[in-house]
Amino acid sequence: MVRARFEQVSYNLAPGETTTRQKMTASAEAHPNIALVKYWGKRDLARNLPAVGSLSVTLADLCTQMTVDFDAGDSDRLIINGQEAPAMLSRVTRCLDLVAGVDRPCATVESQCNFPIGAGLASSASAFAALTVAANAAAETGHEALVLAKIAGAASGSAARSLYGGVVELSAGDDEIDLTQLAEADEWPLQVVVAITAEEEKPLGSGAAMIRSAETSPFYSSWIERQDDDLALARDAVAVKDFVALGEVAEHNCLKMHSVMWSSRPPIVYWNQATLACMESVRLLRENGHHAFFTIDAGPQVKVFSMPDAVDIVEEVLRKTPGVLRMLRTGVGDGARLIPK
Ligand code: DP6
């Protein structure tokens, strides 16, 4: 009942519009992003504020398309890839409330994702970024990208970065986050090959895992203390397009995050044999003079960054690496945007 008021208010604001007004619906798409300096740890659980800043690259090709339809049904609905998805619904409802207000009409949200969900490929990042953009347009709330990024970040910390394309830095203030685009999508032709080493959903979500890390890992505090140093190194490397320097800090930061996970109680180990084999393949590629570095998130997939001249050999070597099931190859993509329905 509360939600129905939004409809009346908005209709009253524009008298006569009731008969001509189109349905409150819009579609948006967003890409996942891969952090090179990782977000791991929360400063404020209730608001999902990150304990550390992070730096990421938004991907091209991998994509979530989201349609929000404020159709004033009896309750919100979420449909992912054609299937009703009640498990994620409460997070979606909260996100819609933050975009359109709690007095909004109920919505049907339909999501199509062209890559595995919940397998360490940042599917929640592209999902919540697309959701905020679509909901903002459907409800005609007119929020700026930074406001939508903060709302998406409240749903899933990494989603804030997917509002923007290219290379993105998220700064973690005491009370809120800020975002800066360090390079546009077409400024630096980084290539990414994702080695898929398992298709199933991860056993422990990243949110719960980082809470466990904060509570139990003896390395957590030094992880937090040193993050600004890593961010500065990565920011400087991006500014002068220094691939080697970026790779060094990215691998170091990734392995540090996984050390925090491994040293949690119970330990959090997302890797499998193939994850390790891929890391070794990347090391050998470098030994043979090819510029490439890896990063790994809360899952067993290995993301290998290279420049265009090395991407074919990266793909060839990963294909031959034992345990690699398949690969995705992409470049740097744009931020979240509206699309025709
Ligand atoms: C390892 O953004 O999924 O991918 O805020 O709890 O939804 P929640 O966490 P999420 O965590 C991402 C963790 C990471 C590193 C990163 O993307 O920075």
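The structure presented is a predicted model; accordingly, all values stated were derived computationally and were not measured.

The rules behind the values
Residues numbered from 1 in each chain as written. Predicted model: local features only at pLDDT ≥ 70, side-chain atom pairs only at ≥ 80, totals over all residues. Heavy atoms only, no water. Buried < 20%, exposed > 50% of the residue type's maximum accessible area, 1.4 Å probe, protein only. Helix = DSSP H or I, 4+ residues; strand = E, 2+ residues; numbered from the N terminus. Arc of directions from axis to C-beta. Contact = heavy atoms within 4.5 Å. Axes fitted to C-alpha atoms, helices over the stretch in contact; angles between N-to-C directions. Parallel < 35°, antiparallel > 145°, perpendicular 65-115°, else oblique. Left-handed = near helix turned anticlockwise from the far one by under 90°. Nonpolar A, V, L, I, M, F, W, Y, C, P; charged D, E, K, R; others polar. Core = buried A, V, L, I, M, F, W, Y, C linked by side-chain atoms within 4.5 Å. Phe/Tyr/Trp six-rings, centres within 6.5 Å; stacked < 30°, edge-to-face > 60°. Pairing = 2+ DSSP bridges. Domains from an automatic or database assignment. Buried area = accessible area lost by both parts, 1.4 Å probe. Salt bridge = Lys/Arg side-chain N within 4 Å of Asp/Glu carboxyl O. Polar contact = N/O pair within 3.5 Å; in protein donor to acceptor, adjacent residues only side chain to side chain.

## So, helix H6 (residues 206-216)
- Within H6, the full set of buried residues consists of Ala209, Met210 and Ser213. The buried side chains of H6 occupy one side of the element, clustering within an arc of 95° when seen end-on.
- Each element contacted by the buried residues of H6 is listed here: strand S3 (42-44), helix H7 (220-239) and helix H8 (243-262).

## Digging into the packing of helix H3 (residues 89-100) against helix H5 (residues 145-155)
- Running from amino to carboxyl end, H3 crosses H5 at an angle of 155°, the nearest separation of the two axes being 9 Å. For the element pair H3 / H5, the angle class is roughly antiparallel. Here H3 and H5 pass one another in a crossing that is right-handed. Judged by residue contacts, Arg91, Cys95, Leu98 and Val99 of H3 engage Ile151, Ala154 and Ala155 from H5.
- Tallied by class, residues from the contact of H3 with H5 come to six nonpolar, no polar and one charged.

## Considering the nonpolar core
- In this structure, Val68, Phe70, Leu96, Val109, Leu131 and Leu163 are the most contacted members of the largest nonpolar core, which totals 43 residues.
- Of all the elements in the fold, those that place two or more residues in this core are strand S1 (24-30), strand S6 (64-70), strand S7 (77-80), H3, helix H4 (123-138), H5, strand S10 (167-172) and strand S11 (177-183).
- Examining the composition of this core, we find that ten residues originate from one element, H4, more than from any other.
- With sequence-adjacent residues up to four places away left out, Leu131 is seen in contact with Met66, Val68, Val92, Cys95, Leu96 and Val109.
- In this structure, Trp40, Tyr270, Phe294 and Val324 belong to the second largest nonpolar core, which totals 32 residues.

## Overview of the packing of aromatic side chains
- Counted according to the given criterion, the structure contains three aromatic pairs.
- Ring geometry for Phe243 against Phe293: centres 5.1 Å apart, planes inclined by 45°, an arrangement best described as tilted. Of this pair, Phe243 sits in helix H8 while Phe293 sits in strand S13 (residues 292-295), and the two are 50 residues apart along the sequence.
- Under the relative-accessibility criterion, Phe293 is labelled buried at 1%.
- Among the aromatic residues, those joined into a cluster by ring pairs are Phe243, Phe293 and Phe305.

## Some thoughts on the pairing of S1
- Of all the seven residues making up S1, six are buried; the element is thus mostly covered by neighbouring parts of the structure.
- Judged from the seven bridges that link them, S1 and S6 form a sheet pairing that is antiparallel. Paired with Ala30 across the bridge in S6 is Thr64.
- Of the pairings in the sheet, the one linking S1 to strand S16 (residues 337-339) comprises three bridges and is antiparallel in character. Each bridged residue has a counterpart across the sheet, and for Ala28 the counterpart in S16 is Leu338.

## Examining the domain arrangement of the protein
- You can read the domains of the protein as domain 1 (24-184) and domain 2 (191-330).
- Between domain 1 and domain 2, the C-alpha centre-to-centre distance is 23 Å.
- Listed as interface residues are 30 residues of domain 1 and, on the opposing side, 45 residues of domain 2.
- Interface of domain 1 and domain 2: buried area, both sides summed, is about 2,900 Å²; carbon and sulfur atoms make up 72% of it.
- When the buried surface of domain 1 facing domain 2 is broken down by residue, Leu36, Lys38 and Trp40 rank first, second and third, together holding 31% of it.
- Our enumeration of links across domain 1 and domain 2 arrives at two salt bridges.
- Its salt-bridge partner being Glu169, residue Arg235 comes within 2.7 Å of it at the nearest N-O pair.
- The interface formed by domain 1 and domain 2 includes ten residue pairs in polar contact (both at pLDDT 80 or more).
- Broken down by secondary-structure element, the contributors of at least two residues to the side of domain 1 that touches domain 2 are strand S2 (33-37), strand S5 (54-58), S10 and S11.
- At four residues, S2 tops the list of elements feeding residues into the side of domain 1 that touches domain 2.

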